[in-house]
Amino acid sequence: MSGRVAGKVAFVTGAARGQGRSHAVRLAQEGADIIGIDVCDQLDGVPFPMSTPDDLAETVALVEKEGRRMVTAQGDVRDYDAVHEVVSRGVDAFGRLDIAVANAGIGTGGSTLADMDDKTWTDMIDVNLKSVWLTAKAAIPHITAGGRGGSIVLTSSVGGLKAYPFTGHYVAAKHGVVGVMRTLAVELAQDNIRVNSVHPTQVNTPMVMNDATFAMFRPDLENPTQDDFAPISQMMHTLPVPWVEPEDISNAVLFLASEESRYVTGLTLPVDAGGLLK
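The paragraphs below set out a description of the structure included in this document. (Residues numbered from 1 in each chain as written. Predicted model: local features only at pLDDT ≥ 70, side-chain atom pairs only at ≥ 80, totals over all residues. Heavy atoms only, no water.)

Remarks on the overall build of the protein chain
Threshold: Note on conventions: DSSP H or I runs of at least 4 residues are helices, E runs of at least 2 residues are strands, and numbering of each starts at the N terminus. We compute the radius of gyration over the C-alpha atoms and compare it with the globule rule, which gives 2.2 Å times the number of residues raised to the power 0.38. The classification of residues rests on relative accessible area computed with a 1.4 Å probe and restricted to protein chains. Under 20% of the type maximum is buried, over 50% is exposed, and intermediate values are partly exposed. Any two residues whose heavy atoms approach within 4.5 Å are treated as being in contact. Only the protein chains shown count as cover for residues, with accessible areas throughout obtained via the Shrake-Rupley method and a probe of 1.4 Å.
From N to C terminus, the protein chain includes eight helices and seven strands. Relative to a compact globule of 278 residues, whose C-alpha radius of gyration would be 19 Å, the protein chain shows 18 Å and is just as compact. Its C-alpha atoms give the protein chain principal-axis dimensions of roughly 55 × 40 × 35 Å. Going through the 278 residues of the protein chain one by one, you find that 55% of them count as buried. Across the protein chain, contacts joining residues at least 24 apart in sequence account for 73% of those joining residues at least 6 apart. Approximately 11,900 Å² of the protein chain is accessible, and the part contributed by carbon and sulfur atoms is 53%.

Here it is in structure tokens:
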């Protein structure tokens, strides 16, 4: 099967690398042109190296390698004007918008909610929850204007359906994404715009594969490595894998963006190696 989103246009946030890049390339492989935004900068308090302009340029090259076009901007998804500008510019270039994937997010952790400082909480809520709303807010008028319906996919997490200690701000934000998704699914149904969320477990991306994550999962070791992290991560799953790949999430996004899911809305779709069974 090919051309599952042929002729459509998709907006992807956090598109420079990781899951966002994978989503952009996967949708391009199936025929979509892409609009993308990424901060391409290091945010305060994020304990791992974030994306760069070169990363975003590489995503563009990968999309173009699939024979599709891509309009991009370096911008903060917490800034509505930046999000609105790139969406509008992309629609001007491509003539339509059919799909929005609110993927951008950060991961920080290591303290209880009782000990967490205000900035750590606020940054997480703004990046991982507020920006999801702003992404939808910028995309909805363009999708509605097309009169063809469309699909909005919000990236939540296993942590959006289940609690974990020491990441309460992340868990709260990702639970909030489900509330945004369900509300939008009800509000946009009359325009045949479907809204769903995906819920990954640990994914093999820079946001997970870094020293801060390894230390959080293995506080018993002085300098834990990815190999030290793997068995603990695998214990969180039912299937015998420690993490999944970005493409596994992208295939779920593609399904929700395509006409194969034309009557699917309001769904929380885990890609979790059975993590929610534990």
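Overview of the packing of aromatic side chains
To be explicit about the condition: Between 30 and 60 degrees the pair is tilted, below 30 it is stacked and above 60 it is edge-to-face, where a pair is any two Phe, Tyr or Trp rings, Trp via its six-membered ring, whose centres lie within 6.5 Å. A ring is considered to have a charge above it if a Lys NZ or an Arg CZ atom is located within 6 Å of its centre and within 35 degrees of its normal.
Summed over all chains, the structure comprises three aromatic pairs. Each residue in the set Phe214, Phe217, Phe229 and Trp243 is aromatic and connected to the rest through ring pairs, giving one cluster. The ring of Tyr80 is capped by Lys137, whose NZ or CZ atom sits 5.8 Å from the centre of that ring.

Quick look at the side chain of Ser250
Take Ser250: it is sitting in helix α8 (residues 246–257). Residue class for Ser250 comes out buried when judged on its relative accessible area of 2%. The residues contacting Ser250, other than those within four sequence positions of it, are Gln19, Ser22, His23 and Arg26.

Comments concerning the pattern of salt bridges
This is how it is decided: Only one rule defines a salt bridge in this text: a Lys or Arg side-chain nitrogen within 4 Å of an Asp or Glu carboxyl oxygen.
A full pass over the atoms with the stated rule returns 13 salt bridges. For Arg4, the salt bridge identified is with Glu260, shortest N-O distance 2.6 Å. Of the two residues, Arg4 is situated in the segment before β1 (9–13) and Glu260 in the loop between α8 and β7 (268–271); the sequence distance between them amounts to 256 residues. Residue Glu260 is classed as partly exposed on the basis of its relative accessible area, which comes to 37%. Measuring nitrogen to oxygen at the nearest pair gives 2.5 Å for the salt bridge that ties Asp123 to Lys119. Of this pair, Asp123 and Lys119 both sit in helix α4 (residues 118–146), four residues apart, which is roughly one turn of that helix.

Looking at the packing of helix α1 (residues 18–29) against α8
Condition: Comment: axis = line fitted to C-alpha atoms, over the contacting stretch for helices; angle = value between 0 and 180 degrees taken between N-to-C directions. Our angle categories are set so that under 35 degrees counts as roughly parallel, over 145 as roughly antiparallel, 65 to 115 as roughly perpendicular, and the remainder as oblique. Throughout, a crossing is termed right-handed when the near helix is turned clockwise from the far one, and left-handed when it is turned anticlockwise from it by less than a right angle. Each residue gets one of three labels, nonpolar for Ala, Val, Leu, Ile, Met, Phe, Trp, Tyr, Cys and Pro, charged for Asp, Glu, Lys and Arg, and polar for the others, Gly among them.
α8 packs onto α1 with a crossing angle of 50° between their chain directions and a minimal axis gap of 9 Å. Viewed along their axes, α1 and α8 adopt a mutual orientation that is oblique. For the pair α1 and α8, the crossing hand works out as right-handed. For the pair α1 and α8, the contacting residues are Gly18, Gln19, Ser22, His23, Arg26 and Leu27 in the first and Pro246, Glu247, Ile249, Ser250, Asn251, Val253, Leu254 and Ala257 in the second. Considering only residue class, the contact of α1 with α8 consists of six nonpolar, six polar and two charged.

A few points about the pairing of strand β3 (residues 70–74)
Note the following rule: Two strands qualify as a pair provided DSSP detects at least 2 bridges between them.
Summarising the sheet, strand β2 (residues 33–38) and β3 pair through five bridges and their orientation is parallel. Among the inter-strand pairings, Ile35 is bridged to a residue of β3, identified as Val71.

Observations concerning helix α2 (residues 53–65)
Our working rule: Expected span, for any helix, means 1.5 Å times one less than how many residues it has. Along the arc lie the directions from the helix axis toward the C-beta atoms.
The terminal C-alpha atoms of α2 lie 18 Å apart, and with 13 residues this matches the ideal 18 Å at 1.5 Å per residue to within 8%. Buried residues of α2: Asp55, Leu56, Thr59, Val60 and Val63, and no others. Buried residues of α2, seen end-on, are gathered within an arc of 145° and therefore sit on one face of the element. Opposite the buried face of α2, by more than 90 degrees, sit the exposed residues Asp54 and Lys65. Tucked into the core, α2 has its buried residues touching α1, β2 and β3. Of the residues one or two after α2, Gly67 is the one with positive phi, at around 85°.

Some details on α1
The terminal C-alpha atoms of α1, which comprises twelve residues, lie 17 Å apart, in line with the 16 Å expected from a rise of 1.5 Å per residue. Burial analysis of α1 places eleven of its twelve residues in the buried class, the great majority of the element. Burial in α1 covers these residues: Gly18, Gln19, Gly20, Arg21, Ser22, His23, Ala24, Val25, Arg26, Leu27 and Ala28. Once α1 finishes, Gly31 follows within two positions and takes phi at roughly 110°, a positive value.

Things to note about the environment of Ala172
Looking at the secondary structure, you find Ala172 in helix α5 (residues 168–188). Overall, the relative accessible area of 29% leaves Ala172 in the partly exposed class. On a C-alpha basis, the gap between Ala172 and Lys162 in space is 10.0 Å, while along the polypeptide they are ten residues apart. Filtering out sequence-adjacent residues up to four positions away, Ala172 remains in contact with Trp121 and Ile125.

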